[in-house]
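Residue-level structure breakdown
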Amino acid sequence: MENRKILHIDMNSFFATAEQQANPYLRGKPLGVRGSKAKRTIIAASSIEAKRLGIKTGLRVHEAQIICPDMNIVIGEPRKYSDILRRLVSIFERYSDTVEIFSIDECFLDVTKTAPLFTSRVKNYDLRITNQFQNSNLKNLKLNKLNENCKLKSENWYFESAINIAKMIKADIKKEIGDWMTCSVGISYNKFLAKLGSDLQKPDGLVVITTANHQLPINQYTNLQFTVLTSDEALLNSRLTDFCGIAGRLEKRLRRMDIKTVADLRAADDLALKKEFGIYGLKMKRWSWGIDHAPVMEHSIQPEAKSFTRARTLNRDVVSRKDLARELYLLAENLGSAMRAEKYWGKTVGVWIRHNDFTGTGKRHKYHKWVSGGYEIFKEADRILDGLPINKPVRAIGITVSDIQKSQYVPQSLLPEDNLEEKIVEIVDAVNNKYGETILRRGVHANMEIKKVVSGLGRKTI
C-alpha cells in the first residue's frame, strides 16, 4: 500500500474565489458568501482576504460586518459551483482514471498507474522547500537537512511524476477555469496523509508526505515552492483536530481519556479506545501512525447517498412549538421532493434544533414503513419534536432521513390509504415541478395560514 501515489486537491476558498473569478471587482477584497437573503443567515464561505481578518465559515453575517464594515456579501449560486466542479473533474481525468469527488471543492486522484506517463515531462526541478504553515505547531519544525548546494535528479525521486501532475493541474485550472482560482495539493501514499498534506500549506500549496522507506533529502532551490515531510514529521506536529474525521466533539471525548496529542493517541490502549468509540477508536489510532488502506473510489461508482438533510437558520428566535412545526413542515416537503427526484425512500427520521446560545439537541426514530412523501416525513418529525426540550429560544432547525434505499428495492404497500397518499404526492410533484416548488402544499396540516385577505373579494378573510 506504500507504493501508491495519491493526490488530494483542495480548491482554496472555493465558493468565494469562484465569485471573485466571475466578478473582477471583488478580487483582492474581503468577501463573504451567504446562503440566502435571510437576515440571520451565516457566512457559508469567506475569501482568503476575509479569512486573514478572522472571518471564517459559520460566522453570522452581522458579526462579520462588525469585523469588516466594508466587506462584500454575495448570495451563493450552487449551479455556478456545480459547473466549475464538473470542469475540474474533466481536468483531473486527464491525469487519472480514478477520481473521487470528496466534496464540491475537494477531490482525490489515484495516479499510481498513470504517473509514469508524466515522468518525462520535466527532467530536473529547481525547488525551494518552504515552511509557511497555518498550523502553529509546524512553524517551529526544524528542517535540519537543508542543503543549498545539493541538486536532486527527478528520476531518482519516487514522487517526481506525481509532483509533475500536480504542477500541470494547477496550470490547467488557471488557464481553463480562471487565473484567480488556486488549489492546495497534498501528495502521499494514502488518502488520509494526502488530505492532511493539502491542509498544511494554504493557499496554493503543495506538500509531499513520504514514508521512512522513501525518505528524501530536503534541499533548497529557487524556482518552485513545495514542502517535503516524512509521515512522522507531519503527524506528530499536527493537532488531533487536523485529522479528517476528528472534530471538536470527538476531541473532547479523547481529552477526557487524557489523549491530547497524536503521540498520546499512538500510545492509547486499544481496549479503552474500542470501549469508548467502537471500531472507530482503532481507526483513529491507525491514522496516528499514518495507516489508511481506503481506496480512491471512482466518482461514477461511488457509494450511494446515506442520508438526506435539510436545515434552516430562522429569521428570528422562536419559542412557539407551532412556529417550529411550520418550519419543520416546509423542510420536510423540500427534503421529500429531493428524495423523490433521486428515487429514494427512507426509514429513519431525525430532527435537531440549535438554541440562540448555540447549544443544541436532536433525536432520530425508525419509522414503521418506508417514506418519501413530505407529509409522511413531517408527521414522524413532528412526533420527535414533541420529545425535544424547547426550554430556550431556537435559532435553527434541521431534519434528516437516513436508512435510505432506491425505490426499486422498496416493497410497495397494498393498503388503499397508502396508494391514495402516493397519488396525491405525484400530483403535487407534477404541479410544483411545472409552476414552482411551493405552489401546492398542505398548509392545513401544519396549521399554516394560507391567505387572510383575498383580492377581488374586498376585505373578506378565509
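Quick caveat, the model's predicted, so the values are computed rather than measured.

Two strands in a sheet stick together by hydrogen bonds in their backbones, pointing the same way (parallel) or opposite ways (antiparallel). Read across the sheet, three strands follow the order β3-β2-β4 without closing on themselves; strand pairing throughout is mixed. Each edge of the sheet is formed by a strand with only one pairing partner; in this case those strands are β3 (43–46) and β4 (72–75). Adjacent strand axes in the sheet meet at a mean angle of 30° when their direction is disregarded. Bridge analysis of strand β2 (residues 31–34) against β4 gives four bridges, and the strand direction is parallel. Residue pairing in the sheet places arginine 34 in a bridge with isoleucine 75 of β4. Against the sheet, helix α1 (residues 14–22) contacts β2, β3 and β4, and its axis sits at roughly 110° relative to β2.

A word on unusual backbone geometry. Residue proline 203 is reached from lysine 202 by a cis peptide bond, and omega for that bond is -5°. Within the secondary structure, proline 203 is located in the loop between α7 (191–200) and β9 (206–210). For aspartate 204, which is not a glycine, the phi torsion comes out positive at approximately 60°. Turning to its location among the elements, aspartate 204 is positioned in the loop between α7 and β9. Residue aspartate 204 is classed as partly exposed on the basis of its relative accessible area of 39%. Positive phi, normally seen in glycine, also occurs at aspartate 258, with a value near 65°. Mapped onto the secondary structure, aspartate 258 falls in the loop between α9 (248–256) and α10 (262–267). Owing to a relative accessible area of 53%, aspartate 258 belongs among the exposed residues under this scheme.

With that out of the way, let us pick up the packing of α1 against helix α4 (residues 78–92). Between α1 and α4, the least distance of the axes is 11 Å, while the angle of their chain directions is 95°. If you check the angle between α1 and α4, you find them roughly perpendicular. When α1 is examined against α4, the residues Phe14, Phe15, Ala18, Glu19 and Ala22 are found in contact with a partner set consisting of Lys80, Tyr81, Ile84 and Leu88. Of the residues in the contact of α1 with α4, the class split is seven nonpolar, no polar and two charged.

With that out of the way, let us pick up the packing of aromatic side chains. Scanning all chains against the criterion turns up 10 aromatic pairs. For the ring pair tyrosine 280 and tryptophan 287, a centre distance of 5.7 Å and an interplane angle of 90° mean the geometry is edge-to-face. Look at tryptophan 287 and you get buried, because its relative accessible area is 7%. Judged by centre distance (5.4 Å) and plane angle (90°), the ring pair of tyrosine 329 and phenylalanine 378 falls under edge-to-face. Linking tyrosine 329 in helix α13 (residues 321–341) with phenylalanine 378 in helix α14 (residues 374–386), this pair joins segments that are 49 residues apart in sequence. Note on accessibility: tyrosine 329 and phenylalanine 378 belong to one class, buried.

A contiguous patch of positive charge on the surface is contributed by Arg249, Lys252, Arg256 and Arg354. If one sorts the elements of the positive patch by residue count, α9 sits on top with three residues.

Okay, the nonpolar core next. Counting residues in each nonpolar core, the largest one holds 42 residues, and the members touching the most others are Leu7, Phe92, Leu109, Ile169, Ile173 and Ile187. Leaving out residues up to four positions away in the same chain, phenylalanine 92 has contacts with Ile9, Val99, Cys107, Leu109, Ile169 and Ile173. Among the nonpolar cores identified, the runner-up in size contains 30 residues, and Val318, Ala338, Val371 and Val401 belong to it.

Before going further, it helps to spend a moment on the pattern of salt bridges. On inspection of all chains with the given rule, the structure shows 27 salt bridges. One salt bridge in this structure joins arginine 266 and aspartate 232, with 2.8 Å as the shortest N-O distance. Here arginine 266, found in helix α10, pairs with aspartate 232, found in helix α8 (residues 231–236); they are 34 residues apart in sequence, far enough to count as distant. For arginine 266, a relative accessible area of 12% translates into the label buried. Overlapping salt bridges, with partners in common, bring together Asp10, Asp199 and Lys202 in one network.

This part takes up the side chain of aspartate 10. Mapping aspartate 10 onto the fold places it in strand β1 (residues 6–11). Look at aspartate 10 and you get buried, because its relative accessible area is 5%. Separated by 2.8 Å, the side chains of aspartate 10 and lysine 202 make a polar contact. When residues no more than four places from it in sequence are discounted, the contact partners of aspartate 10 are Asp105, Glu106, Cys183, Ser184, Ser198, Asp199 and Lys202.

With 75% of its residues at a pLDDT of 70 or more, the protein has an overall mean of 79. No element of the protein has a lower mean pLDDT than strand β7 (residues 127–129), at 37, and none a higher one than β1, at 96. Taken together, the stretch residues 121–156 has pLDDT below 50 and engages in 88 contacts with residues farther than four places along the chain or on a different chain. Low pLDDT, under 50, characterises residues 450–462; the predicted model gives this stretch nine contacts beyond four residues in sequence or across chains.

In this fold, aspartate 83 is placed in helix α4. In this structure aspartate 83 comes out as partly exposed when scored by relative accessible area, which is 30%. In this structure the side chain of aspartate 83 is engaged in a polar contact, spanning 2.5 Å, whose partner is the side chain of arginine 86.

What follows concerns α13. The first and last C-alpha atoms of α13 sit 30 Å apart over 21 residues, in line with the 30 Å expected at 1.5 Å per residue. Lysine 343 occupies a position one or two residues after α13 and carries a positive phi of about 60°.

What follows is about the packing of α13 against α14. Where α13 meets α14, the axes come as close as 8 Å, and the angle between the chain directions of the two elements is 140°. For the element pair α13 / α14, the angle class is oblique. Handedness of the α13/α14 crossing: right-handed. Where α13 abuts α14, its residues Arg321, Leu324, Ala325, Leu328, Tyr329, Ala332, Glu333, Leu335, Gly336, Met339 and Arg340 lie against Gly374, Tyr375, Ile377, Phe378, Ala381, Asp382, Leu385 and Asp386.

Reading the values: the criteria
Residues numbered from 1 in each chain as written. Predicted model: local features only at pLDDT ≥ 70, side-chain atom pairs only at ≥ 80, totals over all residues. Heavy atoms only, no water. Pairing = 2+ DSSP bridges. Helix = DSSP H or I, 4+ residues; strand = E, 2+ residues; numbered from the N terminus. Axes fitted to C-alpha atoms, helices over the stretch in contact; angles between N-to-C directions. Contact = heavy atoms within 4.5 Å. Buried < 20%, exposed > 50% of the residue type's maximum accessible area, 1.4 Å probe, protein only. Parallel < 35°, antiparallel > 145°, perpendicular 65-115°, else oblique. Nonpolar A, V, L, I, M, F, W, Y, C, P; charged D, E, K, R; others polar. Phe/Tyr/Trp six-rings, centres within 6.5 Å; stacked < 30°, edge-to-face > 60°. Patch = residues over 30% accessible without salt bridge, like charges linked within 9 Å, V, L, I, M, F, W, Y side chains within 5 Å. Areas by Shrake-Rupley, 256 points an atom, 1.4 Å probe, with all protein chains shown as cover. Salt bridge = Lys/Arg side-chain N within 4 Å of Asp/Glu carboxyl O. Lys, Arg positive; Asp, Glu negative; His and termini not counted. Charge placed at Lys NZ, Arg CZ, Asp CG, Glu CD. Core = buried A, V, L, I, M, F, W, Y, C linked by side-chain atoms within 4.5 Å. Polar contact = N/O pair within 3.5 Å; in protein donor to acceptor, adjacent residues only side chain to side chain. pLDDT = per-residue confidence, 0-100. Expected span 1.5 Å × (residues − 1). Left-handed = near helix turned anticlockwise from the far one by under 90°.

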